[in-house]
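Below, each chain spelled out in residue letters.
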Amino acid sequence: MEISKRQWLIGGGALLVIIAALSAGNAWRSENAPVSGSPTASTTGATAVGTSTLVGEPQQTAAANQPFPINKADTIASWSFKGAYSGNATLTAHAQADIVHLRSLLGKGEYDDYDLYIGMGNDANLLGDGKSAYDAYNRAVAIHPGKGLAYANIGHLMDELGAYHTAADAYAKAVAVEPSMLEYQLQRLTFLTQRFPNDNALILAAFTDASNEFGDSAPVLAIEAQWLTGQGRYADAIKAWQTVKMLSPKDRQASIDAEIARLQAKLQ
């Protein structure tokens, strides 16, 4: 069952490996890691959408009357996209069956309905069904508006749909409600530095939020160094990587040294 969503660090090669390694040991969920209390899978595998129907689920409107708003700067041309399971009949069937299974657990009290809706939303996401995913995440928000996971998953969904301003809003909300969750801070920073790399005010505000919560953090500074590199600010990126190196275990430092050397060559 797809209860939690993989964190989607965007980057290439060794740099992505560095960031992932630096994040080890923090509260970093993987796609296959269930939220505490979530059930085991039974299979192997700005418009309101409160009336949309998840596969195997009757229409429910009470929990999703006020969906997370679509930013006025965004236009969603289509709610359908190529999901990870699109075109694979076996995986599609598994995800559809999982949605039916999760729905059968709603209201039983064995598991938090919040987690069940997150799982259904993630299954819908894998199927490329954006509207059903959005609906499920909003139902989760209605249950626990003070938890960040549903907002973070809305952010990822909106990124897939090309609604980048809405995605930024959702990631900001995830951080606002649970600022101590490093994973949400990293998702937000990664998204902003990739999608809005030239919006210095927006990005610096997000880095300030993370710094205020965690101080010098190797994963945060690694993302900052990558962003600075993309901006051609190689000297500043080197300083950031040097701090990352000081905060990192010895077995990570060779990769960091290689990146520093690469940037130093650009300064010559």
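Residues numbered from 1 in each chain as written. Predicted model: local features only at pLDDT ≥ 70, side-chain atom pairs only at ≥ 80, totals over all residues. Heavy atoms only, no water.

Visitor: When you look at the overall build of the protein in this model, what are you seeing that I'm missing?
Guide: In terms of regular secondary structure, the protein is built from eleven helices and zero strands. When its helices and strands are written in sequence order, the protein yields α-α-α-α-α-α-α-α-α-α-α. Per-residue burial for the protein yields a buried fraction of 48% across its 268 residues. Here the protein has roughly 11,900 Å² of accessible surface; of this, 51% comes from carbon and sulfur atoms. (Helix = DSSP H or I, 4+ residues; strand = E, 2+ residues; numbered from the N terminus. Buried < 20%, exposed > 50% of the residue type's maximum accessible area, 1.4 Å probe, protein only. Areas by Shrake-Rupley, 256 points an atom, 1.4 Å probe, with all protein chains shown as cover.)

Visitor: Teacher, can you tell me more about the side chain of Q253 here?
Guide: With respect to the helices and strands, Q253 occurs in helix α11 (residues 250-267). Among the polar contacts made by the side chain of Q253, one reaches the main-chain carbonyl oxygen of S248 at a distance of 3.2 Å. Residues within four places of Q253 in sequence aside, it is in contact with K245 and S248. (Polar contact = N/O pair within 3.5 Å; in protein donor to acceptor, adjacent residues only side chain to side chain. Contact = heavy atoms within 4.5 Å.)

Visitor: Would you mind showing me how to read the confidence of the model for the protein here?
Guide: In low-pLDDT regions, the fine details of the predicted coordinates are not to be read closely. Here the protein averages 83 in pLDDT, while 76% of its residues score no lower than 70. Contacts of residues 55-64 to residues separated by more than four positions or lying in other chains number 28 contacts, the stretch itself having pLDDT below 50. (pLDDT = per-residue confidence, 0-100.)

Visitor: Looking at this structure, how should I read the packing of helix α7 (residues 182-195) against helix α8 (residues 200-214)?
Guide: What describes two packed helices is the angle between their axes and the distance between those same axes. Axis separation between α7 and α8 bottoms out at 10 Å; the angle between their running directions is 160°. In terms of orientation, α7 and α8 fall into the roughly antiparallel class. Our pair here, α7 against α8, has a crossing hand that is left-handed. Residue-level inspection shows L182, Q185, R188, L189, L192 and T193 of α7 in contact with α8, the latter providing L202, I203, A206, F207, D209, A210, E213 and F214. (Axes fitted to C-alpha atoms, helices over the stretch in contact; angles between N-to-C directions. Parallel < 35°, antiparallel > 145°, perpendicular 65-115°, else oblique. Left-handed = near helix turned anticlockwise from the far one by under 90°.)

Visitor: Which parts of the structure should I look at to understand the nonpolar core?
Guide: Buried together is how nonpolar side chains tend to be arranged in soluble globular proteins. Grouped together as the largest cluster of nonpolar side chains are 69 residues, with contacts concentrated most on L157, M158 and W241. Residues in contact with L157, not counting those within four places in the same chain, are F81, N125, G130, A133, Y134 and Y137. (Core = buried A, V, L, I, M, F, W, Y, C linked by side-chain atoms within 4.5 Å.)

Visitor: Any chance you could explain the packing of aromatic side chains here in plain terms?
Guide: For any two aromatic rings, the description comes down to two numbers: the centre-to-centre distance and the angle of the planes. One pass over the full model with this rule turns up six aromatic pairs. Between the aromatic rings of W79 and Y134, the centroid separation amounts to 5.1 Å while the plane-to-plane angle is 35°, which identifies the pairing as tilted. Of this pair, W79 sits in the loop between α1 (13-23) and α2 (89-105) while Y134 sits in helix α4 (residues 130-143), and the two are 55 residues apart along the sequence. For W79, a relative accessible area of 15% gives the class buried. Consider the rings of F191 and F196, whose centres lie 6.0 Å apart with planes at 65°: the pair is edge-to-face. Of note, K147 hangs over the ring of Y114, and the distance from its end group to the ring centre comes to 5.0 Å. (Phe/Tyr/Trp six-rings, centres within 6.5 Å; stacked < 30°, edge-to-face > 60°. Lys NZ or Arg CZ within 6 Å of the ring centre and 35° of its normal.)

Visitor: Explanation requested: helix α9 (residues 218-230) in the structure shown.
Guide: Given 3.6 residues per helical turn, the α-helix brings residues three or four places apart onto the same face. Taking 1.5 Å of rise per residue, 13 residues should cover 18 Å, and α9 covers 18 Å from first to last C-alpha, within 8% of that figure. α9 sits mainly inside the fold: eleven of its 13 residues count as buried. Every buried residue of α9 is listed here: A218, P219, V220, L221, A222, I223, A225, Q226, W227, L228 and T229. Residue G232 follows α9 closely and has a positive phi angle near 75°. (Expected span 1.5 Å × (residues − 1).)

Visitor: What exactly am I supposed to notice about the packing of helix α10 (residues 234-246) against α11 here?
Guide: Close contact between α10 and α11 brings their axes to 9 Å; oriented N to C, the two are set at 165°. Here α10 is positioned roughly antiparallel relative to α11, judged by the angle of their axes. Handedness of the α10/α11 crossing: left-handed. Only Q253, I256, D257, E259, I260, L263, Q264, K266 and L267 of α11 make contact with α10, whose side of the interface consists of Y234, A235, A237, I238, W241, Q242, V244 and K245. Among the residues making up the contact of α10 with α11, the classes are represented as ten nonpolar, three polar and four charged. (Nonpolar A, V, L, I, M, F, W, Y, C, P; charged D, E, K, R; others polar.)

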